[in-house]
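Commentary on secondary and tertiary structure
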Amino acid sequence: MALLEIRGLRAEVDGQEILKGIDLEIDSGQVHAIMGPNGSGKSTLSYVLSGRDGYEVTGGEVLLDGKDLLVMDPEERACEGVFLGFQYPVEIPGVPGTTFLKTAVNAVRRYRGESEFDAMQFVKFVRGKAKEFNMSDDMLKRSVNSGFSGGEKKRNEVLQMAVLEPRLAVLDETDSGLDIDALKLVADGVNTMRSPDRAMLMITHYQRLLDYVVPDVIHVLFGGQIVKSGPKELALELEKEGYYQFFETAA
Amino acid sequence: MPDGTVMDLPLMEDYDAVAPGLAGAGVEWLDKIRNDGLARYSKLGLPGPRDEAWKYTNLTRMGRTRFVTGLASAEPALDAVPEGVLDIDAVRLVLVNGRLRPALSNLSALPPGVFITTLEDAVRSGGQVIAQRLGQNTYGHDMPMLALNTAYLHDGVIVEVAEGVSIETPIHLISVGVADNDPVAFHPRNVISLGAGASGTFYESHVGLGSYLSNGATTLHLGDDAILRHRKLQNESNLAYHVASASVELAARARYENYTLHIGGRLARNEVHVILQGREANCGLYGAYTGRGSQHIDTTTFVDHAVPDCTSREVYKGALDDNSCGVFQGKILVRKNAQRTDGHQLNKALLLSEGAEIDAKPELEIYADDVKCSHGATAGELDEEQLFYLRSRGVMEAEARDLLVTAFLDESLEVIADEERRDAFRGIIANWLSERRERREK
């Protein structure tokens, strides 16, 4: 059984169908990338997987370790191991980073029947993670993403992923808005998180990120459907040829 | 005032019986001040919806309540101050139903250069300064509840900080309302003045038990270059009415900062009036308010830029739940010669339920032509994106909402520089949130 199974997934936003029957399986330990032009449904797929309001599923199913994800609230999905790395991480002024992480980690631990961390245990745990991912203590103390640079926000996403240790990480345009140094830092973080127990789905526009986080499989999403899948070399082909070939097919 | 007329007025039913026992009754200047108040209240009557200043706050039900004036009732037994006051190291002045209770106070820690007395004692010992201070009160001719307070002038404390004296330990005035049987009304008048170059911090906590009306008025005078941090917690009993006004006068370069957490009571109105009457004076009015059940929480401010080169800032944040109603009325007046005025005002309300309501009336009245002024009022629900972000990390929806409400209210505390004192307010907010959670879980 694959870790993630998506079958015939259809979804609409404001009455308009965006996903038109998606089939996708990802095994544990694998990293898949989804590429596609603007408006092809990439971000919609990430929101449908994480359960955001306003994204209505009209058909198909999504199973995580065989469990039906679509009936779950966003928080339940997170507790089951779904992690969404946001394209635009949200700023939450007034909520300190550590408070946020502790609340999240303990919610997940509670769900899994593990004991909650007390303040001391948590500080030790999170400091260790922060060090591993080159995050300063200062960034933890500040309000969540408030006034962070683009690079800091994306590194913060990676830290959250590291702290929550998901089964499935969906990374939406993790490379957007990053200069090359920031991209390398974030990519290093993502690579550190690769594990036989985890699957990753990277959503990206450009091939650039895939030089640093090399996927096992690449899919092309176009017009709400996966129109092509292949090995990592497919990214190079797309970079060269662009998405025009699919426009022609569609026409 | 002939007998009968007064007794027909709401909230004055026992006035004729109480009047002879008021401090310094028969002292000419004091009688004059009280009679002025009485005449004004008789003329204005209990404010109603037709009064522009009271358009959103209806006192009808309060006016129908037969209160017994605190002065006329027995002093309630009280071993300790009830819970819910600010927990800070301070010189404590405890007033029970408006009257100073020395046994619960600790005036011993009073630093040199600070003088504290009650209105009653001040009158007894001649009271020339106090006569002047009370007479100076330029505001309130159209404020019926202040007129009522003046008619009952008796309770309250006088705090004088001498020129150039800087007090490190704050002064904390704790008002406790206690009504064992009949509803009680009290009308404390506090007078606080800082001489030129003086500085200090003045706290108020308002708590209580049972059904009562606290109709307080505070007059504050800041001399040249004086600095006052004024912080208030309104955490009255859920059966209480709280109507209060602070009238502040600022001399040149004086700085006044007010932070109010407005959280308790059945119906509560907190008014702050500031007149910037010396050049380069500066005032900051900040606060947070919360409502739940059918609470009515009113914040009304008036900032009067009377001279050039003054600065004012105002930021209030409110979180309203259930069927509660919040009111924010803020007016900035810039008089003709008050050039280079820099005045800004903002009210942000968070509506946490379908039944909650906010009435906001920001107002600018500007007669000068070289000014920087703005006002704004927002009302909204919790941010859906923030909520989803938290939930996508495993945080339960209810917990995520609490985190965001806490953050929203917490932000209002940023003006309080001292972390420890900020925590005192934070504790009250946290308590409000945990009670909210408990009610939800029931």
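Residues numbered from 1 in each chain as written. Chains lettered and ligands numbered in written order. Predicted model: local features only at pLDDT ≥ 70, side-chain atom pairs only at ≥ 80, totals over all residues. Heavy atoms only, no water.

Moving on to the overall build of chain A. When helices and strands are tallied, chain A shows 10 helices and 12 strands. For 251 residues, the compact-globule estimate of 2.2 N^0.38 gives 18 Å, and the C-alpha radius of gyration of chain A, at 18 Å, lies within 12% of that figure. Taking the principal axes of the C-alpha coordinates as reference, chain A spans close to 60 × 40 × 35 Å. Looking at chain A residue by residue over its 251 residues, the buried ones come to 53%. For chain A, the proportion of contacts with a sequence separation of at least 24, taken over those separated by at least 6, is 69%. By element, 47% of the accessible surface of chain A is carried by carbon and sulfur atoms, the whole surface being about 10,900 Å². Counting 28 positive and 40 negative side-chain charges, chain A places the averaged centre of each group 6 Å from the other. (Helix = DSSP H or I, 4+ residues; strand = E, 2+ residues; numbered from the N terminus. Rg over C-alpha atoms; globule rule 2.2 N^0.38 Å. Buried < 20%, exposed > 50% of the residue type's maximum accessible area, 1.4 Å probe, protein only. Contact = heavy atoms within 4.5 Å. Areas by Shrake-Rupley, 256 points an atom, 1.4 Å probe, with all protein chains shown as cover. Lys, Arg positive; Asp, Glu negative; His and termini not counted. Charge placed at Lys NZ, Arg CZ, Asp CG, Glu CD.)

Even without being glycine, Glu173 of chain A reaches a positive phi, approximately 50°. Checked against the element boundaries, Glu173 of chain A lands in the loop between strand E9 (168-172) and helix H7 (180-193). Positioned with a positive phi, Asp225 of chain B is a non-glycine residue whose angle comes to about 60°. Structurally, Asp225 of chain B is set in the loop between strand E10 (212-222) and strand E11 (227-234).

Here we take up the state of the cysteines. Tallying each qualifying case throughout the model produces zero disulfides over all chains. Residue Cys283 of chain B stays outside any disulfide, its sulfur separated by 8.8 Å from that of Cys310 of chain B, the closest cysteine. (Disulfide = S-S within 2.5 Å.)

Counting residues in hydrophobic clusters, the biggest one holds 112 residues, and the most contacted among them are Ile6 and Leu45 of chain A together with Leu261, Val405 and Phe425 of chain B. Of the residues forming this core, the biggest block, seven residues, is contributed by helix H9 (residues 397-411) of chain B. Counting 45 residues, the second largest nonpolar core, distinct from the first, contains Val114, Leu250, Leu285 and Cys310 of chain B. (Core = buried A, V, L, I, M, F, W, Y, C linked by side-chain atoms within 4.5 Å.)

Contacts between the two partners involve 17 residues from chain B, matched on the other side by 33 residues from chain A. Interface of chain B and chain A: buried area, both sides summed, is about 2,100 Å²; carbon and sulfur atoms make up 65% of it. Contact with chain A buries area across many residues of chain B, yet Phe388, Tyr389 and Arg393 of chain B alone supply 39% of it, more than any other trio. Remark: the boundary between chain B and chain A carries three salt bridges. (Buried area = accessible area lost by both parts, 1.4 Å probe. Salt bridge = Lys/Arg side-chain N within 4 Å of Asp/Glu carboxyl O.)

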